[in-house]
Structures are given as C-alpha cells and as structure tokens.
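In case you want the letters, here they are:
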Amino acid sequence: MTTNKSDSDLPPEEVPEKICIDAEEDRFARFKLIAWWDQEKLRRSRVLVIGAGALGNELLKNLALLGVGQVFVADMDHIELTNLCRSVLFRPGDEGQPKAMTAINAAKKIYPDQNSESFMGNITTSLGLGVFRWADVVLGGLDNREARLFTNRACLKVGTPWVDGAIEALQGVVRAFAPGDDPCYECTLGENDWKILEARRACSLLTRDEMEAGRVPTTPTTSSVVAGLQCQEALKILHDLEGVLYSQAYVFDGLFHQSYTVNYSRNPECQSHEALDMIFETGLASSDTSLGELLELSKQAFEQLDVGIENNPENVYSLEFGRDIIESLHCANCEESQESFVVLGALTIETARCPKCDGERSPSLINHVTEDSPILEKSPAELGMPPWDILVARYGELSIGLELDGDKELVLGRIPANDDSEVL
Ligand SMILES: [Zn+2]
Ligand SMILES: [Zn+2]
C-alpha cells in the first residue's frame, strides 16, 4: 500500500473512492478486484507458448495483457502476407520476419515489464525438454498432431500441465492435460489420428519445407475465442483453482452455438504416462559433457535415490535421448555408409542424398546408449541434440532424468535464468 498521504490526513469526505478500493492503483488494479486474483503470482509465472500463428498471437497478446511475467515462445515459420488477417501482433511490413520473435516483441510493447524470449525452430527436433520443465504451464497454438504428441510427451515426462487449442473456420476446441495418470492427449487419439501420424513419420526424413503444411481455414474471431479460453484455463492452473478443463474438451461451435464439453477416458495402452522418478539438475551443458560421463553420473544418481538397487545381472545402465537420432546414412548403390549425427526430422532431403550417385540413402537410427556403446566419447550436442535437454537414464525399472541445465541461460536469453521464485 503506497500513497503519499495516509487516509487519516484527509477529511473522510475527501478520501477518493478508488483509494478505498485499492490504494495501489496500477495498470492491473482492476484485476485485483477479483477475489482470488494474485498479480504477483502472475508476474512470477512462466509460460511456454508453442506456435506463434493465429492462436499463438492471441495467446501472447492475452499473456501480456494479464501481466504474465516470463514468456517463452517457439515457432519455426516466417511471417507471410496471409498471416496478417489473423494475427493481432503482426503488421504490414513484418513479412519475412520470424513469427516468434516478431510476436513476442510486439507483446512486450503491450506489457514492457514482461521478460520474454523467442525460439525459431522445430520443437520436435530442436527444443530441449528443460524449457518444458521450466514452464509452470504450456500453451499449444499448434496445427499438427506430431507437434501435439511431442508436447504431450514432453509435458508428462517433466510434470507440466498443458492447454491445447485447435481452430477450424468458426469451430474450435480447447482441452487441458494434467501430468500423471489422467487421460492425456495421446489417450484421445483414434485410429485415423495414428494413420496420419504414421504418414508423417514415413516421410520424416524430410523437413517441413518439403511437406505441405495443412492449410486449415481459420478466422481471427475463432482464434480469439479459443486462445482466450486457453489463457483462462492457464490463469486457473496458475492460481491453483478448481474447474480446470483437465481431460476434457470444450468444443466451441460458433456457427449454431451448440457448444459442449466431452470427457476423455484413459487409454490403458497409452505409452505417454511414464513420469520420471526424479530429475537431476546436472549443471552441465550439452556441448561440455560426454555420454559416458552422463552415464557415470546416472549411476551415482541411482545410488542417491536410495531405493535399494538390486544387483541384478540382467539390468544394464542405459541413457535414452528421447528423440531418434540418425547415426549414419547408407547408400545401397555405392555400398557406402557415412557417419552423420542429426536428430531425425532435422535432416534435409539434400543432405540425405548420396554425394556420389545422388541416390537416396537410408538412415540407421539410435535412441540410447549403454556402457559398451562406441559413441560414449561424444557429447549430446555432437549427436545433434538440442541444448537444455533432459536425457533419461534407466536401470531396471528405475528411470531418472538428467537435465543439462548448463545451457539454461543460453536458451532463456533475455529471461533471467536465476529467478528463485517458486510459483506453484
Ligand atoms: Zn495417455
Ligand atoms: Zn551412392
């Protein structure tokens, strides 16, 4: 409470009404009239927004208006002329600029005290899981199942809730997923979804440049409604309120106003729910440590866990990358293999071709190492893994995460990395 004069200095009839309501009149004063609202909590909150398209623009605009203090946004595209009719943060002349950077800079003009950073790239190949763990909540402004599936698995692994949004013409869907055993995004996928995912995987050697991105008809009105609802769910999650749309979908029907809610059920076959027993912050950077050192570190970590590790000779220590990595490319024509470490999906079609005969080469993939692996000398960065990632070490039934948080400052950029505020 900061006013120049105390109330007692003024005759009762001269006490301005607004001071009676809230002496600390600032830009957020009206929010504070809501009983449960905690502006300081929002200022300290961390939100990861994935996608800076039609939904992402609205999400970022809302987060800025609400005074959310730390926002990280990831998107892989540049602005095109056709984005201008659906994106509140883009202006004529922004064409060709990265969407994420342009959107977050425009949002900062709405709320200059926001600490924010943008990332341009494909989240499935290039965004470390550390960012997902850093976030209190993840908001999806995505347009494909592959990125949703990756986001879902990343969030479950590190224990972060996420709110998905989808739009088409005058219809939209909002749904929230909590970490743990409740129904998750993957639980909702049907046979047709998996067919589409498989088709994308079959051409996963190609980057998205070569794949025709789904062109869904969307309007700024629907994206505004859906992103508004997503941000409201985020507000409830950040304030620890009840009534979050967890394991449910709110289907918005803007055409006939037959909006409704559906409940999802848990798919017992779903593979996404395995949370890590513990995540260790190693302080190491992805380029400064070797897989061998990390494997050694995981052994010590398992001992620290103190869960009575049995010396079962069948158990081996292994370190999983969490993404498929291409280790070599083989040309059947030339009968030659070339070592080439890159995350599957990040390889361009040109690099995949044989430099001798220009034929297609087939990749051999790895997703983990054990103590007898020939590549233990290599660093995660040399394998093409993104910075600030979390590797999963396993021994028998136990699994722990090893967070390469030595990269944290590099990834967070303008967002202070050492913010000791615990929000949730
Ligand atoms: Zn599931
Ligand atoms: Zn060849």
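Basis of the calculations
- Residues numbered from 1 in each chain as written.
- Chains lettered and ligands numbered in written order.
- Predicted model: local features only at pLDDT ≥ 70, side-chain atom pairs only at ≥ 80, totals over all residues.
- Heavy atoms only, no water.
- Patch = residues over 30% accessible without salt bridge, like charges linked within 9 Å, V, L, I, M, F, W, Y side chains within 5 Å.
- Areas by Shrake-Rupley, 256 points an atom, 1.4 Å probe, with all protein chains shown as cover.
- Salt bridge = Lys/Arg side-chain N within 4 Å of Asp/Glu carboxyl O.
- Buried < 20%, exposed > 50% of the residue type's maximum accessible area, 1.4 Å probe, protein only.
- Helix = DSSP H or I, 4+ residues; strand = E, 2+ residues; numbered from the N terminus.
- Donors = N, O, S within 2.8 Å, 3.2 Å for Na, K, Ca; no water.
- Tetrahedral: all angles 85-135°; square planar, octahedral: opposite > 155°, others 65-115°.
- Pairing = 2+ DSSP bridges.
- Axes fitted to C-alpha atoms, helices over the stretch in contact; angles between N-to-C directions.
- Parallel < 35°, antiparallel > 145°, perpendicular 65-115°, else oblique.
- Left-handed = near helix turned anticlockwise from the far one by under 90°.
- Contact = heavy atoms within 4.5 Å.
- Expected span 1.5 Å × (residues − 1).
- pLDDT = per-residue confidence, 0-100.

Draft legend 1. Focus on a nonpolar patch on the surface. Taken together, the side chains of Leu170, Leu255 and Phe256 define a hydrophobic patch exposed on the protein surface, amounting to about 310 Å² of accessible area. With a relative accessible area of 33%, Leu170 lands in the partly exposed category.

Draft legend 2. Quick look at the environment of Glu40. Within the secondary structure, Glu40 sits in helix 2 (residues 39-44). Glu40 gets classed as partly exposed once you look at its relative accessible area, which sits at 36%. When the C-alpha positions of Glu40 and Gly67 are compared, they lie 9.0 Å apart, and in sequence the two are 27 residues distant.

Draft legend 3. Fine view of the coordination of the zinc ion (ligand 1). On the protein side, the zinc ion (ligand 1) has Cys184 (SG), Cys187 (SG), Cys270 (SG) and His273 (NE2) as donor atoms, found 2.1 to 2.3 Å from it. Around the zinc ion (ligand 1), the four donor atoms sit at angles spanning 99 to 120 degrees, and that spread fits a shape best called tetrahedral. Look at where the donors of the zinc ion (ligand 1) fall in the sequence and you get C-x2-C-x82-C-x2-H. Highlighted residues: Cys184 in the loop between strand 6 (171-177) and helix 8 (191-202) and His273 in the loop between strand 8 (260-263) and strand 9 (278-281), separated in sequence by 89 residues. Just as Cys184 is buried, His273 falls in that class too.

Draft legend 4. How the structure looks around the pairing of strand 14 (residues 398-403). Of all six residues in strand 14, six are buried, a share of seventy percent or more. Summarising the sheet, strand 9 and strand 14 pair through four bridges and their orientation is parallel. Across the sheet, residue Glu281 finds its bridge partner in strand 14, namely Glu403. In this sheet, strand 14 lies alongside strand 13 (residues 390-395) in antiparallel orientation, the contact comprising six bridges.

Draft legend 5. Quick peek at the coordination of the zinc ion (ligand 2). Distances from the zinc ion (ligand 2) to its protein donors, Cys331 (SG), Cys334 (SG), Cys354 (SG) and Cys357 (SG), fall within 2.2 to 2.4 Å. Mapping the donors of the zinc ion (ligand 2) onto the primary sequence yields the spacing C-x2-C-x19-C-x2-C. Here Cys331 is found in strand 10 (residues 317-331), whereas its partner Cys357 is found in the loop between helix 11 (349-352) and strand 12 (362-370), with 26 residues between them in sequence. According to the relative accessible area criterion, Cys331 is buried, its value standing at 1%.

Draft legend 6. Expanded view of the packing of helix 3 (residues 54-66) against helix 4 (residues 99-110). Packing of helix 3 against helix 4 leaves a shortest axis separation of 9 Å and a crossing angle of 25 degrees. When the interaxial angle is binned, helix 3 and helix 4 end up roughly parallel. In this structure, the crossing between helix 3 and helix 4 has a hand that is right-handed. Residues Leu60, Lys61, Ala64 and Leu65 of helix 3 pack against Ala103, Ile104, Ala107 and Ile110 of helix 4.

Draft legend 7. Representation of the pattern of salt bridges in the model. Considering all chains together, one arrives at 19 salt bridges under this definition. For Glu40, the salt bridge goes to Arg44, with nearest N and O atoms at 3.4 Å. Residue Glu40 and its partner Arg44 are located together in helix 2, separated by four residues, close to a single helical turn. A salt bridge links Glu274 to Arg394, with the shortest nitrogen-to-oxygen separation between them at 2.8 Å. With a gap of 120 residues between them, Glu274 in the loop between strand 8 and strand 9 and Arg394 in strand 13 connect regions that are remote in the sequence. Overall, the relative accessible area of 41% leaves Glu274 in the partly exposed class.

Draft legend 8. Region of the structure containing helix 7 (residues 145-158). For helix 7, spanning 14 residues, the distance from its first C-alpha to its last is 20 Å, which sits close to the expected 20 Å at 1.5 Å a residue. In terms of residue burial, helix 7 counts as a mostly covered element, since 10 of its 14 residues are buried. Of the positions making up helix 7, those classed as buried are Ala147, Arg148, Leu149, Phe150, Thr151, Asn152, Ala154, Cys155, Leu156 and Val158. Phi turns positive one or two residues past the end of helix 7, at Gly159, with a value near 80 degrees.

Draft legend 9. Representation of the confidence of the model for the protein chain in the model. Across the protein chain, the average pLDDT comes to 89, with 88% of residues at or above 70. Low pLDDT (under 50) marks residues 1-8, which in the prediction has seven contacts with non-local residues, meaning those over four places away or in another chain. Throughout residues 208-212 the model reports pLDDT below 50, and contacts reaching past four residues in sequence, or to other chains, amount to 10 contacts.

Draft legend 10. Geometry of the sheet that holds strand 6. The strand order across the open sheet formed by eight strands is 3-2-1-4-5-6-7-8, and the pairing between neighbours is mixed. The open sheet has two edge strands with one neighbour each: strand 3 (115-120) and strand 8. The average undirected angle you get between the axes of adjacent strands in this sheet is 15 degrees. Two strands pair when backbone bridges link them, and strand 1 (residues 46-50) and strand 2 (residues 70-75) are joined in this way by five bridges, in the parallel orientation. Paired with Val49 across the bridge in strand 2 is Val73. Lying on the sheet, helix 4 is in contact with strand 2 and strand 3; it crosses strand 3 at an angle near 165 degrees. Packed onto the sheet, helix 9 (residues 220-238) meets strand 1, strand 4 (137-140), strand 5 (162-168), strand 6 and strand 7 (248-253) and runs at close to 170 degrees relative to strand 5.

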